[in-house]
Amino acid sequence: MTVDRRSILTGGALLALAGAATAAGTAEATARAEVKAVPKELKKTAVYVPGYFPDHAFANGKPLASNRRFNRAITGQAIYKMLTRVGFDGSIKQTLLPVAAHDVEVAPDRSIGVLCSMDGEQHTAFDPETLELAAIGPSLGDGWHGGGHAIYLDGGKTVILSERAPSVPYQGKLERHYGRLTVRDPKTLQITEAYSTHGIDPHDIRLTADGKYIVAANYGSTISAKTGKYTIPRGVVQASITVVEVSSGKLVDKRITGRDETELRHLAAGRLDRIFAIQARYGSDRDDARQLRGEDVAYEADVTTDPGYNYMSAATLKYDAYRNRLTRMGDAKSTKLMRHGLSIRYDERHDEAIATYPTTHRVMVFDGATGAVSKSLDTRTVGLRYPAGVTFLPDDKHYAVTGHWENMFVFERGTHRLVRELCLYPVFFGHSHITAA
């Protein structure tokens, strides 16, 4: 048999094609096997993730805002963000919605979802299956703006959103700055009622386990009279935890957590003696250099914040409203790692609170009774950077943690063992919070 250059090249090409086909077939088989490996109770589960920076995203060779697959809902809208639906069946759906998005929630009956505005003038409702825009709900008007979070009541028949009062300098009257809770129709986002949070600049809101109370985290900060802007460090008048009765809007309890510089941003709640609250504190570049002077291995700038806005350590708190007792959780070593505390969830079954600190790449687990840190995971060791969102999965066995920019890792509740076969690796383009349905 004579072998010439043409036959070698042709044979090589055929082998390359065969190899590529085999690789593609192997990839498809692997994907199918991974989906089959997903427990039956999770195959219909999806995790929803807002995306802060959609202008960094492209599809089909086009920016998302110019792509008909993604821009149907944002025509004529100046402000828009991204929403990603990650299905455990292997599916990924994404779209753009007209909202300055922060948190996302889905009704327990999966009939509707809400993408909550953070300091924007409107919220949006969406179909959890298709992500199609369902409704646009303005804030209260006259300078009022979204507080960033929502909760559903009655299985999804009602949605409540946090709203912030118009931003004005503090002039001695606390009530002038109090935010509100707007009670809305979940499908139209029309407001049916509103009542005060009894705190300044409310943000995160949570429903207690018995469904009777809403617990609100109030930043407590106001803008400068000189510049008309927020300062670094923040000018905190009165950061607080407030407990409001759902049925009446009556203030049941209020605990001031900080003044001067330390805001109160996020929380989790079980019973009224199981309230866990995350504080945040900004510092200057000089302050940041001082707190990191012992870090002698090269590190990158914090991608979860803007230049000049540096997260300083601030203790996460446990509040017992029955006893009016506020305590810091963890020891001094743990507190140093509590920079940019973000998402926190309470696991009633295991009596634990799980929190993320993306600036230090940490997930911390707190004992519900004592507030002690029972686990502190540097997520870089398992391949997850800047952990941001946390949500419990509907199987009651697992929880998901998402990286600020990309990747979703799944852990077992109670043991906090990484379940590598359930991890997924989409890109979200920046976010803070997530929810599963």
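Given the structure is predicted, the values throughout are model-derived calculations rather than measurements. (Residues numbered from 1 in each chain as written. Predicted model: local features only at pLDDT ≥ 70, side-chain atom pairs only at ≥ 80, totals over all residues. Heavy atoms only, no water.)

Within the protein chain one finds 3 helices and 31 strands. Across the 437 residues that make up the protein chain, the buried fraction comes to 54%. Pairs at least 24 apart in sequence give 53% of the contacts found in the protein chain among residues at least 6 apart. Accessible surface, the protein chain as shown: approximately 20000 Å² in total, 50% of it carbon and sulfur. (Helix = DSSP H or I, 4+ residues; strand = E, 2+ residues; numbered from the N terminus. Buried < 20%, exposed > 50% of the residue type's maximum accessible area, 1.4 Å probe, protein only. Contact = heavy atoms within 4.5 Å. Areas by Shrake-Rupley, 256 points an atom, 1.4 Å probe, with all protein chains shown as cover.)

Val-215, Ile-241, Val-243, Leu-264, Leu-272 and Ile-275 are the most contacted members of the largest nonpolar core, which totals 16 residues. Those elements giving two or more residues to this core turn out to be β15 (213–218), β16 (236–245), β18 (263–269), β19 (275–283) and β21 (317–320). By residue number, the principal contributor to this core is β16, which donates 4 residues. Excluding residues that lie within four positions of it along the chain, Val-215 makes contacts with Asp-204, Ile-205, Arg-206, Thr-208, Ile-241, Thr-242, Val-243, Leu-267, Ala-269 and Ile-275. One finds Val-38, Leu-393, Phe-428 and Ile-434 within the second-largest nonpolar core, a separate group that totals 15 residues. (Core = buried A, V, L, I, M, F, W, Y, C linked by side-chain atoms within 4.5 Å.)

A few words on the packing of aromatic side chains. What the rule picks out here adds up to 10 aromatic pairs. Note on Tyr-52 and Phe-53: the rings are 6.3 Å apart at their centroids and 80° apart in plane angle, and the pair reads as edge-to-face. For Phe-53, a relative accessible area of 37% puts it in the partly exposed group. Here the aromatic cluster, defined as three or more aromatic residues joined through ring pairs, consists of Tyr-52, Phe-53, Trp-405 and Phe-429. Directly above the ring of Tyr-219 sits Arg-164, whose terminal nitrogen or CZ lies 4.2 Å from the centroid. (Phe/Tyr/Trp six-rings, centres within 6.5 Å; stacked < 30°, edge-to-face > 60°. Lys NZ or Arg CZ within 6 Å of the ring centre and 35° of its normal.)

Across 4 bridges, β21 lies against strand β22 (residues 325–328) in antiparallel orientation. Following the sheet pairing, Asp-320 is matched in β22 by Arg-325. In this antiparallel pair of consecutive strands, β21 and β22, the connection spans 4 residues, and Asn-324 shows a positive phi of 55°. (Pairing = 2+ DSSP bridges.)

Now for the confidence of the model for the protein chain. Summarising the model, the protein chain shows a mean pLDDT of 92, and 92% of its residues fall at 70 or more. pLDDT under 50 marks residues 1–33. Its contacts with residues more than four places away, or in other chains, come to 1 contact. (pLDDT = per-residue confidence, 0-100.)

Let us now look at the pairing of strand β5 (residues 92–97). As paired elements, strand β4 (residues 81–87) and β5 share 6 bridges and run antiparallel to each other. Residue pairing for β5: Arg-85 is matched across the bridge by Lys-93. Connecting β4 to the next strand, β5, in antiparallel fashion are 4 residues, including Gly-90 with a positive phi near 100°.

What follows deals with the environment of Val-427. Relative to the assigned elements, Val-427 resides in strand β30 (residues 424–427). In this structure, the C-alpha to C-alpha distance between Val-427 and Phe-411, residues 16 residues apart in sequence, is 19 Å. Excluding anything up to four places from it in sequence, Val-427 contacts Thr-84, Gln-94, Trp-405 and Glu-406.

For the coordinates displayed, the defined rule picks out 3 cavities of 30 Å³ or more. Taken as a whole, the largest cavity holds about 70 Å³ of empty space. Taken together, Ala-165, Pro-166, Ser-167, Val-168, His-177, Ile-200, Asp-201, Ser-221, Thr-222, Ile-223 and Tyr-230 make up the full set of residues lining the largest cavity. Split into classes, the residues belonging to the lining of the largest cavity amount to 6 nonpolar, 4 polar and 1 charged. The space that makes up the second largest cavity amounts to roughly 40 Å³. Around the second largest cavity, the lining residues are Val-363, Val-365, Lys-375, Leu-377, Tyr-399, Phe-411 and His-416. Going through the elements one at a time, β25 (362–367) and β26 (373–378) are the ones with two or more residues in the lining of the second largest cavity. (1 Å grid on protein atoms, 1.4 Å probe; cavity = no way out; pocket = protein on both sides within 12 Å on 5 of 7 lines; lining within 4 Å. Points joined across faces, edges and corners; volume = space filled by probe spheres on them. Nonpolar A, V, L, I, M, F, W, Y, C, P; charged D, E, K, R; others polar.)

Should their charged atoms come close, side chains of opposite charge can pair. Counted under the stated rule, the structure contains 23 salt bridges. Residue Arg-274 pairs with Asp-351 through a salt bridge whose shortest N-O separation is 3.0 Å. Within this pair, whereas Arg-274 is found in the loop between β18 and β19, its partner Asp-351 is found in the loop between β23 (344–347) and β24 (352–357), the two being separated by 77 residues in sequence. No difference in accessibility class separates Arg-274 from Asp-351, as the two residues are buried. We note a salt bridge from Arg-413 to Asp-396, for which the minimum N-O separation is 3.9 Å. Taken together, the residues span a long stretch of sequence, with Arg-413 in the loop between β29 (406–412) and β30 and Asp-396 in the loop between β27 (387–392) and β28 (398–403) at a distance of 17 residues. What makes Arg-413 buried here is its relative accessible area of 12%. Note on Asp-396: relative accessible area 38%, which makes it partly exposed. Among the charged side chains, a network of salt bridges with common partners joins Arg-271, Asp-273, Arg-274 and Asp-351. (Salt bridge = Lys/Arg side-chain N within 4 Å of Asp/Glu carboxyl O.)

Where nonpolar side chains cluster on the molecular surface, the patch consists of Phe-53, Trp-405 and Val-427 and spans about 230 Å² of accessible area. Under the relative-accessibility criterion, Val-427 is labelled partly exposed at 30%. (Patch = residues over 30% accessible without salt bridge, like charges linked within 9 Å, V, L, I, M, F, W, Y side chains within 5 Å.)

Judged by pairing direction, the sheet is antiparallel, and its 4 strands sit side by side in the order β6-β7-β8-β9 without closing on themselves. The open sheet has two edge strands, β6 (101–106) and β9 (133–138), and neither has a second partner. Taking each pair of neighbouring strands and ignoring which way they run, the sheet shows an average axis angle of 20°. Direction of pairing for β6 relative to strand β7 (residues 113–117): antiparallel, over a ladder of 4 bridges. (Axes fitted to C-alpha atoms, helices over the stretch in contact; angles between N-to-C directions.)

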